[in-house]
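Geometric and topological summary
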Amino acid sequence: MHGLYRRSRSWVAGWALWAAPRAVIALVLIVVAVGAFVTTATTFLMPVTTTDALRFGVLAVCATVAIELTRHFERRREYARTSAAPYIDTKSVWSFAAVIVLPPVFASAMVIFTYALAWSRVKPHAQKLPYRWVFSCATVLVGTQAAVAVLALGMPGYPGAPGGASLNGLLELGVVACAAVARWAINVGLVMAAIALSKPTTTARDMFANFGEQLLEAGAIGLGLVAAAVVVSNPFVLPGIVVAMVALHRGILLNQYQQASRIDAKTGLATAGWWHDFAERSLARAQDHGETLGLLIVDLDHFKRLNDTFGHPHGDLVLKAVAQELIAEIRDQDACGRWGGEEFVVVLPEVGTRQNLRNVAERIRRRVQTIVVDPPDGAPVGAHTSITASVGGAIYPSEGIGTIDELLLAADTALYAAKNSGRNTVRLGGSDADVQSRPAELPSQLEPPSTTL
């Protein structure tokens, strides 16, 4: 027994959690402690009957079958994840059903059981970060106890399914909906807090990137309500919910793959194909409404030399840092994509004048110039680490430009002019393409902050 305890302690000591920022460690430990406390506090609030034990067993069997049938989808979802947003969890079908019809001790046991089973079956990828599963389980436990409190206070027949087609039944259904919202809000809120603390550079846009998928989470909770009613009235219908779960997982995976096909894995920017489609739609809108459309191509100077000197992993860090600066500079209605290699493209609807486009290009050039990515260990002393970019741009309407490919060609021609003029400069296609834009340095208080990775 002592040897088992020592191995368990060594396993926990090896968690990646301890290398996380202190704020993340504190949040995880606090949430786990609160989850354990509130779960223990509600364990003996209500008596347990044989019927409760049988219903728990039926739900546990259905959960086991569903997790087993969908574990391959879950593995693919784990590997295909590109977003920093909270992960959509469909185990709530069974745990929320348990919240409604079972005493708190069984509701908590269902959460722990489904998480432990899913963690053991969705391996080996998910097992690399066990503390995340422990934390996620704790957030659901905290949310579960909040849902228990709502149901206990608002539903006289708790635990049990809402009443029939009557006013009382509708009121009880409203209480169940409030319990579901409380459970979901606590879970998602705590997970978002952990993401924000672990990755301070994560934007609100990144955090809510998959917020549309929360409708799938709502669907899972709705199925949980159905499962609760079915396990009370006719448990033999539950296999139909298991089938629905498999179909729901297919839909989630398809949506995730569609998202992944639009996002470049290395930079988090749009892929070239999606960006081109967006740019074409933007140009068509500009033509229909008589508006302007700007386009920029940003090319990192001497990027191959940087890769050869420091290695491709370091080059990938540089690409990601540049992408973050581009996202920070553009507006919500703009779109930035990775065009290939070390080239990026930006489309700016309603950019206004050529001078506005030039100003954006200059700000991007200056942002790139301030990026600092620490060289890897063992890099040659004094090796060149500065990062600069040449920027070419073009604007619609301009003579000879009627398609997005013609706009790209004009911007690409301007980019070559920038490269041939010494790099780290901006050129715009059109009447003033022969005028180099390398303005005097701005006062230091106007300098954008450096980005260090």
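Please read all numbers here as calculations on a predicted model, not as lab measurements.

Considering the overall build of the protein
Looking only at helices and strands, the protein features 15 helices and seven strands. Among the 453 residues that make up the protein, the fraction classed as buried is 45%. Restricting to contacts in the protein with at least 6 residues of sequence separation, those with at least 24 account for 76%. Carbon and sulfur atoms make up 63% of the accessible area of the protein, which amounts to about 22,000 Å² in all.

Focus on a negative patch on the surface
On the surface, a cluster of negative charge is contributed by D277, E280, D405 and E406. Broken down by secondary-structure element, the contributors of at least two residues to the negative patch are α11 (272–289) and α15 (404–420). Structurally, E406 can be placed in helix α15. For E406, a relative accessible area of 34% corresponds to the partly exposed category.

Observations concerning the pairing of strand β3 (residues 343–349)
Burial analysis of β3 places seven of its seven residues in the buried class, the great majority of the element. Side chains E343, V345, V347 and P349 project from β3 onto one buried face, and the interleaved F344, V346 and L348 project onto a second face that is buried too. Judged from the seven bridges that link them, strand β1 (residues 293–300) and β3 form a sheet pairing that is antiparallel. Across the sheet, residue I297 finds its bridge partner in β3, namely V345.

Some details on the sheet that holds strand β2 (residues 335–340)
What holds strands together in a sheet is hydrogen bonding between their backbones, with the strands either parallel or antiparallel. Taken in spatial order, the five strands make up an open sheet running β2-β3-β1-β5-β6, and their pairing is mixed. This sheet does not close on itself; its edge strands, each paired only once, are β2 and β6 (426–428). Direction aside, neighbouring strands of the sheet carry axes that sit 20° apart on average. Sheet topology note: the strand β5 (residues 389–396)/β6 ladder contains three bridges and is parallel. Along β6, the bridge assignment pairs V391 with V426. Contacts from α11 reach β1, β2, β3 and β5 within the one sheet, and its direction differs from that of β2 by about 135°. Each of β1, β2, β3, β5 and β6 touches α15; the most contacted strand, β5, lies at about 145° to it.

Focus: the packing of aromatic side chains
Applying the stated criterion across every chain, the model contains four aromatic pairs. When the ring of F56 is compared with that of F106, the centres are 4.9 Å apart and the planes differ by 20°; the resulting orientation is stacked. Pair noted here: F56 is in helix α3 (residues 50–80) and F106 is in helix α5 (residues 104–121), with a separation of 50 residues, a long-range link. Their ring planes at 75° and their centres at 5.4 Å tell us that W275 and W339 sit as a pair that is edge-to-face. With W275 in helix α11 and W339 in strand β2, this pair connects stretches of sequence that are 64 residues apart. For W275, a relative accessible area of 0% gives the class buried. For W339, a relative accessible area of 29% gives the class partly exposed. For K91, the ring lying beneath its charged end belongs to Y115, and the centroid distance is 4.3 Å.

Topic: helix α14 (residues 354–369)
With 16 residues, α14 should cover 22 Å at 1.5 Å per step; its first-to-last C-alpha distance of 23 Å lies within 8% of that length. Every buried residue of α14 is listed here: L357, R358, V360, A361, E362, I364, R365, R366, R367 and V368. In this structure, the buried side of α14 is in contact with β1, α13 (312–329), β3, β4 (371–372), β5 and β6.

Quick word on the packing of α5 against helix α6 (residues 130–154)
Put simply, α5 and α6 touch, their axes get as near as 10 Å, and they point 160° apart. Classified by the interaxial angle, the pair formed by α5 and α6 is roughly antiparallel. Seen along the crossing, α5 lies across α6 with a hand that is right-handed. On α6, the residues that touch P104, A107, S108, V111, I112, Y115, A118 and W119 of α5 are P130, W133, S136, C137, V140, L141, T144, Q145 and V148. Each residue belonging to the contact of α5 with α6 can be placed in one class, and the counts come to 13 nonpolar, four polar and no charged.

Side note on α5
Along an α-helix, residues three or four apart share an orientation, since each turn contains 3.6 residues. An ideal rise of 1.5 Å per residue puts 26 Å on 18 residues; α5 measures up with 26 Å between its terminal C-alpha atoms. For α5, the set of buried residues is P104, F106, A107, S108, M110, V111, T114, Y115, L117 and A118.

Considering the confidence of the model for the protein
Residues at a pLDDT of 70 or more form 75% of the protein, whose mean pLDDT is 78. Of all helices and strands in the protein, the one with the weakest mean pLDDT is strand β7 (residues 451–452) (32), whereas β5 scores best (94). Taken together, the stretch residues 82–86 has pLDDT below 50 and engages in 18 contacts with residues farther than four places along the chain or on a different chain. The low-confidence segment residues 432–453, where pLDDT is below 50, has 45 contacts with residues more than four positions distant or belonging to other chains.

Here's the deal with a nonpolar patch on the surface
A surface patch of nonpolar side chains, about 250 Å² in accessible area, is lined by V61, V65 and L69. Following the sequence through the fold, V61 ends up in helix α3. For V61, a relative accessible area of 53% translates into the label exposed.

Digging into the pairing of β5
Most of β5 is tucked away: eight of the eight residues are buried. Side-chain alternation along β5 places A389, V391, G393 and I395 on one buried face and S390, G392, A394 and Y396 on a second face that is also buried. In this fold, the crossover linking β5 to β6 by way of α15 has left-handed handedness.

Calculation rules
Residues numbered from 1 in each chain as written. Predicted model: local features only at pLDDT ≥ 70, side-chain atom pairs only at ≥ 80, totals over all residues. Heavy atoms only, no water. Helix = DSSP H or I, 4+ residues; strand = E, 2+ residues; numbered from the N terminus. Buried < 20%, exposed > 50% of the residue type's maximum accessible area, 1.4 Å probe, protein only. Contact = heavy atoms within 4.5 Å. Areas by Shrake-Rupley, 256 points an atom, 1.4 Å probe, with all protein chains shown as cover. Patch = residues over 30% accessible without salt bridge, like charges linked within 9 Å, V, L, I, M, F, W, Y side chains within 5 Å. Salt bridge = Lys/Arg side-chain N within 4 Å of Asp/Glu carboxyl O. Lys, Arg positive; Asp, Glu negative; His and termini not counted. Charge placed at Lys NZ, Arg CZ, Asp CG, Glu CD. Pairing = 2+ DSSP bridges. Axes fitted to C-alpha atoms, helices over the stretch in contact; angles between N-to-C directions. Phe/Tyr/Trp six-rings, centres within 6.5 Å; stacked < 30°, edge-to-face > 60°. Lys NZ or Arg CZ within 6 Å of the ring centre and 35° of its normal. Expected span 1.5 Å × (residues − 1). Parallel < 35°, antiparallel > 145°, perpendicular 65-115°, else oblique. Left-handed = near helix turned anticlockwise from the far one by under 90°. Nonpolar A, V, L, I, M, F, W, Y, C, P; charged D, E, K, R; others polar. pLDDT = per-residue confidence, 0-100. Right-handed = clockwise from strand over helix to strand, strands pointing away.

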